[in-house]
Amino acid sequence: MTLTPQEQEIQRLRKEVEILRQEREILKKAAAYLGQYSTRMGLGRFFAKENL
């Protein structure tokens, strides 16, 4: 079965959406880890607004 150009584009966009969702999950986990790490290690002051 041959896909039309529109169907190919939809398929490509669906793949891209899935990749972006996976990347978002990775970033959420990294942010959660950084938040826990900075709290545990007392780095909250280092990341304070006035130091950025």
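What this report covers is the structure whose coordinates are included nearby. The shown structure was predicted, so the numbers you read here are calculated from the model rather than taken from an experiment. (Residues numbered from 1 in each chain as written. Predicted model: local features only at pLDDT ≥ 70, side-chain atom pairs only at ≥ 80, totals over all residues. Heavy atoms only, no water.)

1. Some thoughts on the overall build of the chain
This is how the line gets drawn: Numbered from the N terminus, helices here are DSSP runs of H or I no shorter than four residues, and strands are runs of E no shorter than two. Each residue is placed in one exposure class: buried if its accessible area under a 1.4 Å probe, protein chains only, is under 20% of its type's maximum, exposed if it is over 50%, and partly exposed if it falls in between. In this description, accessible areas are obtained by the Shrake-Rupley approach with a 1.4 Å probe, and a residue is regarded as covered only by the protein chains that are shown.
When helices and strands are tallied, the chain shows 1 helix and 0 strands. Burial analysis of the chain (52 residues in total) assigns 4% to the buried set. For the chain, the accessible surface area stands at approximately 5,200 Å², while carbon and sulfur atoms represent 60% of it.

2. A few points about the pattern of salt bridges
The condition that has to hold: Counted as salt bridges are all cases of a side-chain nitrogen of Lys or Arg within 4 Å of a carboxyl oxygen of Asp or Glu.
Tallying each qualifying case throughout the model produces 2 salt bridges. Among the salt bridges present, the one from Arg-12 reaches Glu-9, with a minimum N-O distance of 2.8 Å. With Arg-12 and Glu-9 both in helix 1 (residues 5–40) and 3 residues apart, the pair spans about one turn of that helix. Residue classification places Glu-9 among the partly exposed residues on the basis of a relative accessible area of 35%. Between Glu-25 and Lys-28 there is a salt bridge, with its nearest N and O atoms 3.4 Å apart. Remark: Lys-28 and Glu-25 occur in helix 1; sequence separation between them is 3 residues, near one turn of the helix. Glu-25 sits in the partly exposed class, given a relative accessible area of 34%.

3. Quick word on a nonpolar patch on the surface
For clarity, the threshold we go by: To count toward a patch, a residue needs a relative accessible area above 30% and no salt bridge. Like charges then connect within 9 Å, nonpolar side chains (Val, Leu, Ile, Met, Phe, Trp, Tyr) within 5 Å.
A contiguous nonpolar patch, built from Tyr-33, Leu-34 and Tyr-37 and spanning about 290 Å² of accessible area, is present on the exposed surface. Of note, Leu-34 is situated in helix 1.

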